[in-house]
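A structural walkthrough
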Amino acid sequence: MSSATTTTKLPSATRPSSFPYGNYRFPRLHLVRLGRVLKSLDKLKMSTQTQANNHTGKNDDWVKLVSSDGYSFLVKRNVAMVSGTLKTMLSADSPFREALANTCTISERAVLVEKVCEYMAFKAQYENAGPKEEIPLNEFTERIPPEVALELLLAADYLEV
């Protein structure tokens, strides 16, 4: 008997679906799901085109903000317009894809995007407050953890909030 070890290659049907290398053949179930995903993407594309054509600029529209780690946040359009960067992205006459899809991808962690959304809502709420009206700043600043304060400052600077 030979002492050399032999490696046996698994047949493609028994490899895990996350196998990164080699020519992996997708089972029929994956192809069916892929087809459904492509159909739903086509429907989404058609609906975003209709939304872009029917866009009237109302403030009751919702905007989807997506963080770099995949979390999504829905905010009202008038709240998102507090940010100068988002205002430029979502402008009705801009050629950006964000304006057509009402979706903006922000290259920050979800924790930071959540705090930025909270601040934009806070600012939109008290933006037209009179000079005699008291604005509860402590209510907002107490909710900011010190460990994310610097990153939050950089994200707010990028978003021009």
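Throughout what follows, the structure given in this document is the object of discussion.

Parameters at a glance
Residues numbered from 1 in each chain as written. Predicted model: local features only at pLDDT ≥ 70, side-chain atom pairs only at ≥ 80, totals over all residues. Heavy atoms only, no water. Pairing = 2+ DSSP bridges. Helix = DSSP H or I, 4+ residues; strand = E, 2+ residues; numbered from the N terminus. Axes fitted to C-alpha atoms, helices over the stretch in contact; angles between N-to-C directions. Contact = heavy atoms within 4.5 Å. Buried < 20%, exposed > 50% of the residue type's maximum accessible area, 1.4 Å probe, protein only. Core = buried A, V, L, I, M, F, W, Y, C linked by side-chain atoms within 4.5 Å. Arc of directions from axis to C-beta. Expected span 1.5 Å × (residues − 1). Salt bridge = Lys/Arg side-chain N within 4 Å of Asp/Glu carboxyl O.

A short note on the sheet that holds strand β2 (residues 72-76)
- Read from one edge to the other, the open sheet built from three strands follows the order β2-β1-β3, with strand pairing classed as mixed. Two strands bound the open sheet, and with one partner strand each, they are β2 and β3 (103-105). Each strand axis lies, on average, 25° off the axis of its neighbour in the sheet, ignoring direction.
- Here strand β1 (residues 62-66) pairs with β2 via five bridges, running antiparallel. Paired with K64 across the bridge in β2 is L74.
- Sheet strands touched by helix α5 (residues 110-126): β1 and β2. Its angle to β2, the strand with the most contacts, is close to 10°.

Observations concerning the side chain of E98
- Within the secondary structure, E98 is located in helix α4 (residues 97-101).
- Apart from the residues lying within four places of it in its own chain, the contact partners of E98 are M89, L90, T103 and C104.

Quick look at the pairing of β2
- Residues F73 and V75 of β2 are buried on one face, while the alternating residues S72, L74 and K76, pointing to the opposite face, are not.
- Hairpin connection between β1 and β2: a loop of five residues separates the two successive antiparallel strands, and G70 in this loop has a positive phi of roughly 95°.

Focus on the nonpolar core
- The biggest cluster of nonpolar side chains holds 22 residues, and the ones touching the most others in it are L65, L86, C117 and M120.
- Of the residues forming this core, the biggest block, six residues, is contributed by α5.
- Sequence-distant contacts of L86, defined by excluding residues within four places in its chain, comprise L65, A80, C104, M120 and L159.

Comments concerning helix α7 (residues 149-159)
- What α7 keeps buried is the set L152, A155 and L159. Along the long axis of α7, the arc covered by the buried residues comes to 65°, so they all point the same way. Exposed positions of α7 whose direction lies more than 90 degrees from the buried face are L150, L153, L154 and D157.
- On the buried face of α7, the contacting elements are α3 (84-90) and α5.
- Following α7 by one or two positions, E160 has its phi on the positive side, about 55°.

Let's talk about α5
- The end-to-end C-alpha distance of α5 is 24 Å, a good match for the 24 Å that 17 residues give at a rise of 1.5 Å each.
- Every buried residue belonging to α5 is among A110, L112, V113, K115, V116, C117, M120, F122 and Y126, and all of these are buried.
- Turning to α5, the residues buried within the fold contact β1, β2, α2 (77-80), α3, α6 (137-141) and α7.

Digging into the pattern of salt bridges
- Here the structure, examined in full by the defined rule, presents four salt bridges.
- Between E151 and R109 there is a salt bridge, and its shortest N-O distance comes to 2.9 Å. Of this pair, E151 sits in helix α7 while R109 sits in the loop between β3 and α5, placing them 42 residues apart in sequence.
- The exposure class of E151 is partly exposed, given its relative accessible area of 34%.
- For the salt bridge of E118 with R143, the shortest nitrogen-to-oxygen distance reads 3.9 Å. Pair noted here: E118 is in helix α5 and R143 is in the loop between α6 and α7, with a separation of 25 residues, a long-range link.
- You can call R143 partly exposed: its relative accessible area is 38%.
- Overlapping salt bridges, with partners in common, bring together K115, E118 and R143 in one network.

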